[in-house]
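If you want the building blocks of each chain, they are given just below.
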Amino acid sequence: MASTALIVIDMLNTYDHQDADALVTSVREALPAVEELLERARAASVPVIYVNDNFGQWRSHHGELVRAALDGRHPELVEPITPDEDSLFIIKARHSIFYETPLAYLLGQLEARRLVLCGQVTEQCVLYSALDAHIRHFHVCLAPEAVAHIDPALAHSALRMMQINMSATLVPLDDLSFEDQRP
């Protein structure tokens, strides 16, 4: 089984919320890095797990959420990173990818101990997910280029908190590897 998993956080987004305009610019900048991580993970047979908000639609399944995001205000930010048929998918209701989700169980089944995080929002869902991963004794790794933010100053502080307080490995995208299981 895999010792690493790529977690894509909240990238399937309708961009129909209060902070969307502030977020979109950063998502545009992060999108190529997220695409590259997806390509590298898939090439290395690393599990890809999308963990996404459900937009308050509790009856939805991942196909409906993908469709809603593609029909949203910015389908060009969603289309390049839609899940393939091998991707795993978990719906979340709150900021953390772990809160009231089966993610910890799934990662145990996959024997994953290292989590490469990417997605949005750095100072919210990515930060809280990194904290919950750290508490659960997972090693968190991320490329700052592959996360999007609403507030640049808060995002910078969130990345420093992940690195200093949660022992996360922050590494440039070009240095992040799935193949040898190092950062």
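Residues numbered from 1 in each chain as written. Predicted model: local features only at pLDDT ≥ 70, side-chain atom pairs only at ≥ 80, totals over all residues. Heavy atoms only, no water.

## Brief notes about the environment of L127
Along the polypeptide, L127 turns up in helix 4 (residues 122-135). In this structure the C-alpha to C-alpha distance between L127 and I91, which are 36 residues apart in sequence, comes to 18 Å. Look past the residues within four positions of L127 in its chain and what remains in contact with it is V121, T122, A158, M161, M162 and M166. (Helix = DSSP H or I, 4+ residues; strand = E, 2+ residues; numbered from the N terminus. Contact = heavy atoms within 4.5 Å.)

## Quick notes on the packing of helix 4 against helix 5 (residues 152-165)
Two elements in contact, helix 4 and helix 5, have axes separated by 9 Å at closest approach and are oriented at 10°. Accordingly, the angle class assigned to the pair helix 4 and helix 5 is roughly parallel. Residues T122, E123, V126, L127, A130 and H134 of helix 4 form the contact with helix 5, whose own contacting residues are L154, A155, A158, L159, M161, M162 and N165. Residue composition of the contact of helix 4 with helix 5, by class: nine nonpolar, three polar and one charged. (Axes fitted to C-alpha atoms, helices over the stretch in contact; angles between N-to-C directions. Parallel < 35°, antiparallel > 145°, perpendicular 65-115°, else oblique. Nonpolar A, V, L, I, M, F, W, Y, C, P; charged D, E, K, R; others polar.)

## Overview of the nonpolar core
If you look at the biggest cluster of nonpolar residues, it comprises 37 residues, and the most contacted ones within it are L6, V8, Y15, L37, L38, L176 and F178. Elements with a minimum of two residues in this core: strand 1 (4-9), helix 1 (20-43), strand 2 (48-53), helix 2 (62-70) and strand 4 (114-120). Sorting elements by how many residues they give to this core places helix 1 first, with 11 residues. Among residues more than four places away in sequence, those in contact with V8 are L38, V48, I49, Y50, V51 and C118. If you look at the next biggest cluster of nonpolar residues, it comprises 28 residues, including I97, L107, L117 and A133. (Core = buried A, V, L, I, M, F, W, Y, C linked by side-chain atoms within 4.5 Å. Buried < 20%, exposed > 50% of the residue type's maximum accessible area, 1.4 Å probe, protein only.)

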